[in-house]
Amino acid sequence: MAELAAADVEAFTRGRLLASDTEVQRMLAAALRTARRYCGWSVNPVVTDDAVTLDGPGSRILMLPTRKLITLTSLTEDGVTVDLSTVRSSAGGPPGALERPVCVRKKSNGWWKDFYQAYDVVMTHGYSDTEAADWRYAVLTMVDQMSQVLVSGRGELDLLSKKVDDVTYRWGDAYADSADSALGSVNSILDDYRLPSVDFL
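Note that the coordinates shown come from a computational prediction; the quantities given were computed from them, not determined experimentally.

Chemist: Report on the environment of Ala2, specifying residues and quantitative values.
Modeler: With respect to the helices, strands and loops of the structure, Ala2 is situated in the segment before α1 (6-12). The exposure class assigned to Ala2 is partly exposed, which follows from its relative accessible area of 42%. Linking Ala2 and Pro45, residues 43 residues apart in sequence, is a C-alpha distance of 5.8 Å. Once you skip the residues sitting within four places of it in the chain, Ala2 turns out to touch Asn44, Pro45, Asp129 and Arg136.

Chemist: Summarise unusual backbone geometry; cite the residues concerned and give the values.
Modeler: A cis amide bond links Asn44 to the next residue, Pro45, at an omega of 0 degrees. Its location among the elements puts Pro45 in the loop between α2 (22-39) and β1 (47-54). Look at Arg14: it is not a glycine, yet its phi comes out positive at around 55 degrees. As for its placement among the helices and strands, Arg14 is situated in the loop between α1 and α2. A positive phi angle is found at Gln117, which is not glycine, with a value near 50 degrees. Looking at the element boundaries, Gln117 is found in the loop between β6 (103-106) and β7 (119-125).

Chemist: How would you sum up the packing of aromatic side chains? Please name residues and give values.
Modeler: Under the definition given, this model contains four aromatic pairs. Through successive ring pairs, a cluster of aromatic residues spans Trp41, Tyr127 and Tyr193. Here the guanidinium or amino end of Lys106 rests over the ring plane of Trp112, the centre of that ring lying 4.7 Å away. Against the face of Tyr38 rests Arg194, its NZ or CZ located 3.9 Å from the ring centre.

Chemist: So what's going on with the environment of Ala51? Which residues, and what values?
Modeler: Mapped onto the elements of the fold, Ala51 is located in strand β1. Note on Ala51: relative accessible area 60%, which makes it exposed. In this structure the C-alpha to C-alpha distance between Ala51 and Val122, which are 71 residues apart in sequence, comes to 4.4 Å. Contacts of Ala51, omitting those with residues within four sequence positions, involve Val121 and Val122.

Chemist: Any chance you could break down the sheet that holds β6 for me, citing the residues and the numbers?
Modeler: Read across the sheet, three strands follow the order β2-β6-β5 without closing on themselves; strand pairing throughout is antiparallel. If you trace the sheet from one side to the other, it starts and ends with β2 (62-63) and β5 (87-89), each paired once. Across three bridges, β5 lies against β6 in antiparallel orientation. Counterpart to Ser89 in the pairing with β6 is Val104.

Chemist: Run through the confidence of the model for the chain, naming residues and quoting values.
Modeler: Of all residues in the chain, 84% attain a pLDDT of 70 or more, and the chain-wide mean is 86. Put simply, strand β8 (residues 159-163) is where the chain has its lowest mean pLDDT, 49, and β7 is where it has its highest, 97. Under a pLDDT of 50 for its full length, residues 150-160 has, in the predicted model, 14 contacts with residues more than four places off or in other chains.

About the cut-offs
- Residues numbered from 1 in each chain as written.
- Predicted model: local features only at pLDDT ≥ 70, side-chain atom pairs only at ≥ 80, totals over all residues.
- Heavy atoms only, no water.
- Helix = DSSP H or I, 4+ residues; strand = E, 2+ residues; numbered from the N terminus.
- Buried < 20%, exposed > 50% of the residue type's maximum accessible area, 1.4 Å probe, protein only.
- Contact = heavy atoms within 4.5 Å.
- Phe/Tyr/Trp six-rings, centres within 6.5 Å; stacked < 30°, edge-to-face > 60°.
- Lys NZ or Arg CZ within 6 Å of the ring centre and 35° of its normal.
- Pairing = 2+ DSSP bridges.
- pLDDT = per-residue confidence, 0-100.

Shown next as structure tokens:
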């Protein structure tokens, strides 16, 4: 299991885009960032011992930012280590099967605290390359589409700000912008991997 690389782009495009091209690497990085932002978590490859800090839900369910938990390594609640034998967690499921994140409950049916940044979690999670084949395909499709968009020779419509005297021009990030544009064609695939939004007061 490995992160998508420029060599995967070259294979996907049958050599039209070369792995050695730094532009290809930049487009892939932008596509991965955009896809992960849309999904709300890393998705693929499996991340070992990923450390995250979470706000407390003030409920009996602590939701983890993943849809596929492999191992819950450690959990602290407001600085106090939680004995993992006193909790149960859902494992998640295949893409599209669940529309909710992995959840952790106390066996005592007790409540999790509602403090901001109350929980530190270390976990191994994510989908294998096989499980995330559609997600990987979607990211590569984004890169392919991005490569067909002109990212140089920007005009005034692309300007985020402009100052005439003392010349201040500022353009947006062409890679991020083209990745956002490409997202629309693959978001139906990415929806199978997406975390629902969770609101805290």
